[in-house]
Amino acid sequence: MARFIEVEVEAGGNCDYSLHRVFSVVDEPRRVMHVEAPGRRDEVSMVEVTGWSADGPCPAYAAIVEDSGEGHALLIYGGDDGIRTRPLGSETPWSLTDPAQTGEPCLLLDKSTPFVPAP
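Residues numbered from 1 in each chain as written. Predicted model: local features only at pLDDT ≥ 70, side-chain atom pairs only at ≥ 80, totals over all residues. Heavy atoms only, no water.

Quick look at the packing of aromatic side chains
So, point 1. Applying the stated criterion to the full structure yields one aromatic pair.
So, point 2. Positioned over the ring face of Trp52 is Arg84, at 5.8 Å from the centre of the ring.
So, point 3. The lysine or arginine in question, Arg86, covers the ring of Trp94, its NZ or CZ lying 4.0 Å from the ring centre. (Phe/Tyr/Trp six-rings, centres within 6.5 Å; stacked < 30°, edge-to-face > 60°. Lys NZ or Arg CZ within 6 Å of the ring centre and 35° of its normal.)

As structure tokens, this is what we get:
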């Protein structure tokens, strides 16, 4: 039986646009702490990641999913308000007002993208 992940995020304080998409899961989702992702200037680096909800930070997850354009992809997803990323090693708390942090509904990356699972 197929399993699915539904990402439904409305535009708001964390991200500027809404997304509603259902993904077919290829492997078991795992909590994630860091992922290699493009930044604001399209530079690729390892960043910290957290899920985001109305209550603030929550767990973020990584899962290999089916993607019609690429075959399989790495999905990084989190709470009802999406995910947030910040530079690796940042000492500032997670915040919607920190300009060094970025909010997204989710990330859909190449399936070979490196990530660090949570312990």
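Regarding the layout of surface pockets
So, point 1. Taken as a whole, the largest pocket encloses approximately 310 Å³ of empty space.
So, point 2. Lining the largest pocket are 15 residues, with Pro38, Gly39, Arg40, Thr85 and Thr102 sitting closest to its centre.
So, point 3. Elements that contribute at least two residues to the lining of the largest pocket include exactly β3 (30-38), β4 (44-53), β8 (83-87) and β9 (102-104).
So, point 4. Per-element tally for the lining of the largest pocket: the top contributor is β8, with three residues. (1 Å grid on protein atoms, 1.4 Å probe; cavity = no way out; pocket = protein on both sides within 12 Å on 5 of 7 lines; lining within 4 Å. Points joined across faces, edges and corners; volume = space filled by probe spheres on them. Helix = DSSP H or I, 4+ residues; strand = E, 2+ residues; numbered from the N terminus.)

A short note on the state of the cysteines
So, point 1. Overall, the coordinates contain zero disulfides when judged by the stated rule.
So, point 2. Here Cys58 stays unpaired: no disulfide links it, and the sulfur of Cys15, its closest cysteine neighbor, is 12 Å away. (Disulfide = S-S within 2.5 Å.)

Quick notes on the side chain of Ser24
So, point 1. Positionally, Ser24 belongs in strand β2 (residues 19-24).
So, point 2. Residue classification places Ser24 among the buried positions, given a relative accessible area of 15%.
So, point 3. Those residues within four positions of Ser24 in sequence are excluded, and the remaining contacts are Arg3, Phe4, Ile64, Val65 and Glu66. (Buried < 20%, exposed > 50% of the residue type's maximum accessible area, 1.4 Å probe, protein only. Contact = heavy atoms within 4.5 Å.)

What about the environment of Gly56?
So, point 1. Following the sequence through the fold, Gly56 ends up in strand β5 (residues 56-58).
So, point 2. On the basis of relative accessibility, which here comes to 7%, the residue Gly56 falls in the buried class.
So, point 3. Each C-alpha atom of the pair Gly56 and Val25 lies 26 Å from the other, and the pair is 31 residues apart in sequence.

Regarding the environment of Pro38
So, point 1. Among the structural elements, Pro38 can be located in strand β3.
So, point 2. The class of Pro38 is partly exposed, set by a relative accessible area of 46%.
So, point 3. Each C-alpha atom of the pair Pro38 and Leu107 lies 9.8 Å from the other, and the pair is 69 residues apart in sequence.

Regarding the pairing of β4
So, point 1. Taking burial as the measure, the 10 residues of β4 include seven buried ones, the bulk of the element.
So, point 2. Examined bridge by bridge, β3 and β4 share five bridges and lie antiparallel to one another. By the bridge assignment, Ala37 is partnered in β4 with Ser45.
So, point 3. Relative to β8, β4 runs antiparallel, the two being bridged by five bridges. For Thr50, the partnering residue across the bridge sits in β8 and is Arg84.
So, point 4. Bridge count for β4 against β5 is three bridges, and the pairing is antiparallel. The partner of Gly51 across the bridge, within β5, is Cys58.
So, point 5. Here β4 hands over to β5 after two residues, the two strands then running antiparallel side by side. (Pairing = 2+ DSSP bridges.)

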